[in-house]
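Each chain, written out:
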Amino acid sequence: MQDKILVTRSSMPPYEEYIEAIKPLWETHWLTNMGQYHRELEERLKEYLGVPEVSLMVNGHMALELAIQAFDFPAGAEVITTPFTFISTTHAIVRNRLQPVFCDIKPEDGTMDETQIESLITDRTVAIVPVHVYGNVCNVEKIQEIAAKHHLKVIYDAAHAFGVKYKGQGIGNYGDVSVFSFHATKVFNTIEGGAAAFSDSGIYKKLADLKNFGIRGEELVTGIGANAKMNEFAAIMGLCNLNHISYYIEERKKRFEVYESGLAKIKGVRLLNQEKDTIRNYSYMPIVVEDEYPMSRDELYCKLKDNNIFARKYFYPLTSDQDCIRNQCKEAELKCARRISERVLTLPFYPTLGIEVINTILRFIGNV
Ligand SMILES: *Cc1c(COP(=O)(O)O)cnc(C)c1O
């Protein structure tokens, strides 16, 4: 029997490297509140992501929630977004007292179908929140054009897109803000963590307030804020992991290519596409189980599970189909999103996954 294989496994630097790096904390006793390592990681990330400004947060969700809050949209205003994502994207909108308006996705890559955005715009629309799902780049040019024409803000959920480059530019340069997640399961992790990337230094100040109770001085609070600061242990984990990021992505690429060539020989399963001119990060290994495949997605999921291989149905169901969300928004057809979400399966994928395990998984998928 195959050992238990989960869909992912967190990347960690060598033990000694991390232990050495946290030692100074026992001298300074400075554990959080925008300490030395928090600031150092912001600088290193600006460089790595090739973006003008970075604000570190306690997790990706708070980065997204606060990035949306930073624009002070009026309560009840509409935000066009995708239902084919992790629930965090939709929660970040709803928790800001905004109304999600769901746009369908494209079958080729799973990102928002930009040709349908304009038909969803009303006089209450204030923003677009697209997702670079699995690191697949949205049509950023078209989205920018629509946003400019209708005076909308664009806030990208780039949780999956750490290190992705499009047309030579870091992905965080598109839109008004891009939000990354550094959760343990992501390509780059700080255990838990996240960041907003943007170019407007006004947003940096706004987020600095929102992530630290609006505190400006010992006796001065200038606004209503949350607490979403990244602590020093997390920042140091980030600094260490960043030392190894090109190795992590390189190892992912090798495994992606093994899957890719194996899957190409199996009828009825397909991979999603990438925009041209993209440097990818190989964050996930999603396949679409089409109708020509002899089993349904759910049957394949169970077959793998019976063999101790735990693939995941990312992203199913659509966030718009959860009762807590459905109650909050207009009915939408979302034909393609529904179709893909019923057929997608994300296979085990991480930098240390054994090549022989991938071949075993490919055999299970191929010998139906
Ligand atoms: C992981 C993720 C988030 C949330 O990030 P956390 O760091 O877990 O809070 C948001 N959106 C998407 C698409 C994600 O995958």
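This report concerns the structure included in the present document. (Residues numbered from 1 in each chain as written. Predicted model: local features only at pLDDT ≥ 70, side-chain atom pairs only at ≥ 80, totals over all residues. Heavy atoms only, no water.)

Looking at helix α3 (residues 36-49)
Inference 1: Look at α3: 20 Å from first C-alpha to last across 14 residues, which is about the 20 Å you get at 1.5 Å a residue.
Inference 2: For α3, the complete set of buried residues consists of Y37, H38, L41, E42, L45 and L49. Down the axis of α3, the sector holding all buried residues measures 145 degrees, keeping them to one side.
Inference 3: Positive phi shows up at G50, right after α3, with a value of about 65 degrees. (Helix = DSSP H or I, 4+ residues; strand = E, 2+ residues; numbered from the N terminus. Expected span 1.5 Å × (residues − 1). Buried < 20%, exposed > 50% of the residue type's maximum accessible area, 1.4 Å probe, protein only. Arc of directions from axis to C-beta.)

Points about the packing of helix α1 (residues 15-22) against helix α8 (residues 232-243)
Inference 1: Where α1 meets α8, the axes come as close as 10 Å, and the angle between the chain directions of the two elements is 135 degrees. Relative to α8, α1 is oriented oblique. Note that α1 runs across α8; the crossing there is right-handed. Packed against α1, whose contacting residues are E17, Y18, A21 and I22, the element α8 presents F233, I236, M237, C240 and N243 at the interface.
Inference 2: Of the residues in the contact of α1 with α8, the class split is seven nonpolar, one polar and one charged. (Axes fitted to C-alpha atoms, helices over the stretch in contact; angles between N-to-C directions. Parallel < 35°, antiparallel > 145°, perpendicular 65-115°, else oblique. Left-handed = near helix turned anticlockwise from the far one by under 90°. Contact = heavy atoms within 4.5 Å. Nonpolar A, V, L, I, M, F, W, Y, C, P; charged D, E, K, R; others polar.)

A closer look at unusual backbone geometry
Inference 1: Put simply, Y314 and F315 share a cis peptide bond, and its omega is 0 degrees.
Inference 2: Checked against the element boundaries, F315 lands in the loop between α10 (297-306) and α11 (323-326).
Inference 3: Positive phi, normally seen in glycine, also occurs at N33, with a value near 60 degrees.
Inference 4: With respect to the helices and strands, the residue N33 is situated in the loop between α2 (25-28) and α3.
Inference 5: Classification of N33 as partly exposed rests on a relative accessible area of 41%.
Inference 6: We note that K167 has phi near 50 degrees; this positive angle belongs to a residue other than glycine.
Inference 7: In this fold, K167 is placed in the loop between β6 (165-166) and β7 (169-170).

Points about the sheet that holds strand β8 (residues 177-181)
Inference 1: Taken together, seven strands build an open sheet; the order of strands is β1-β9-β8-β5-β4-β2-β3 and the sheet is mixed. Edge positions in the sheet fall to β1 (53-57) and β3 (99-102), since each of these pairs with one other strand and no more. The sheet shows a mean angle of 25 degrees between the axes of neighbouring strands, direction not considered.
Inference 2: The pairing of strand β5 (residues 153-157) with β8 spans three bridges and is classified as parallel. Bridging from a neighbouring strand, D157 pairs with V179 of β8. (Pairing = 2+ DSSP bridges.)

Remarks on the site of the ligand
Inference 1: The environment of the ligand is formed by 14 residues, the closest being G60, D157, H160, S181 and K186.
Inference 2: Here an oxygen atom of the ligand sits 2.7 Å away from a polar atom, N or O, in the side chain of H160.
Inference 3: When the ligand sits alone it has 380 Å² of accessible area, and the protein chains cover 91% of it.
Inference 4: Among the detected pockets, the ligand sits in the largest pocket.
Inference 5: For the shell around the ligand, the secondary structure elements donating two or more residues are α4 (60-69) and α5 (87-94).
Inference 6: Of the residues in the shell around the ligand, the class split is two nonpolar, ten polar and two charged. (Near = heavy atom within 4 Å. Polar contact = N/O pair within 3.5 Å; in protein donor to acceptor, adjacent residues only side chain to side chain. Areas by Shrake-Rupley, 256 points an atom, 1.4 Å probe, with all protein chains shown as cover. 1 Å grid on protein atoms, 1.4 Å probe; cavity = no way out; pocket = protein on both sides within 12 Å on 5 of 7 lines; lining within 4 Å. Sits in = over half its atoms within 2 Å of the grid points.)

Side note on the layout of surface pockets
Inference 1: Here the largest pocket defines a volume of roughly 520 Å³.
Inference 2: Along its surface, the largest pocket is lined by 31 residues, and F86, S181, H183, T185 and K186 are the ones closest to its centre.
Inference 3: Of all the secondary-structure elements, those providing two or more residues to the lining of the largest pocket are α4, α5 and β8.
Inference 4: Considering only residue class, the lining of the largest pocket consists of twelve nonpolar, 14 polar and five charged.
Inference 5: Considered as a void within the structure, the second largest pocket measures approximately 210 Å³ in volume.
Inference 6: Q69, D72, K206, L210 and I224 are the residues nearest the centre of the second largest pocket, which is lined by 13 residues in total.
Inference 7: Of all elements in the fold, only α4 and α7 (201-210) reach the threshold of two or more residues within the lining of the second largest pocket.
Inference 8: Per-element tally for the lining of the second largest pocket: the top contributor is α7, with three residues.
Inference 9: Classifying every residue of the lining of the second largest pocket by side-chain character gives five nonpolar, five polar and three charged. (Points joined across faces, edges and corners; volume = space filled by probe spheres on them.)

Brief notes about empty space enclosed by the protein
Inference 1: Overall, the coordinates contain two cavities of 30 Å³ or more when judged by the stated rule.
Inference 2: Taken as a whole, the largest cavity encloses approximately 90 Å³ of empty space.
Inference 3: Lining the largest cavity we find Y134, N136, F256, L271, L272, Q274, R280, Y282, S283, Y284, M285 and P286.
Inference 4: Looking at the lining of the largest cavity, its residues break down into eight nonpolar, three polar and one charged.
Inference 5: Lining the second largest cavity are A159, H160, F162, S181, K186, V187, F188, N281, S283 and Y284.
Inference 6: Looking at side-chain class alone, the lining of the second largest cavity contains five nonpolar, four polar and one charged residues.

Side note on the packing of aromatic side chains
Inference 1: On inspection of all chains with the given rule, the structure shows 17 aromatic pairs.
Inference 2: On the numbers, 6.1 Å between centres and 65 degrees between planes, the contact of Y134 with Y284 is edge-to-face. One end of the pair, Y134, is in the loop between β4 (125-129) and α6 (140-150); the other, Y284, is in the loop between β13 (278-279) and β14 (286-289), and 150 residues separate them in sequence. As far as the burial class goes, Y134 and Y284 line up, both buried.
Inference 3: Ring geometry for F162 against F188: centres 4.6 Å apart, planes inclined by 10 degrees, an arrangement best described as stacked. A residue pair is termed long-range when its members are at least 10 positions apart, and F162 in the loop between β5 and β6 and F188 in the loop between β8 and β9 (194-198) qualify at 26 residues. Like F162, the residue F188 is buried in the burial classification.
Inference 4: One aromatic cluster is present, built from ring pairs that chain together Y48, F162, F180, F182 and F188.
Inference 5: The side chain of R280 reaches across the aromatic face of F256, ending 4.6 Å from its centre.
Inference 6: In this structure, R297 is placed above the aromatic ring of Y316, and the distance from its NZ or CZ to the ring centre is 4.8 Å. (Phe/Tyr/Trp six-rings, centres within 6.5 Å; stacked < 30°, edge-to-face > 60°. Lys NZ or Arg CZ within 6 Å of the ring centre and 35° of its normal.)

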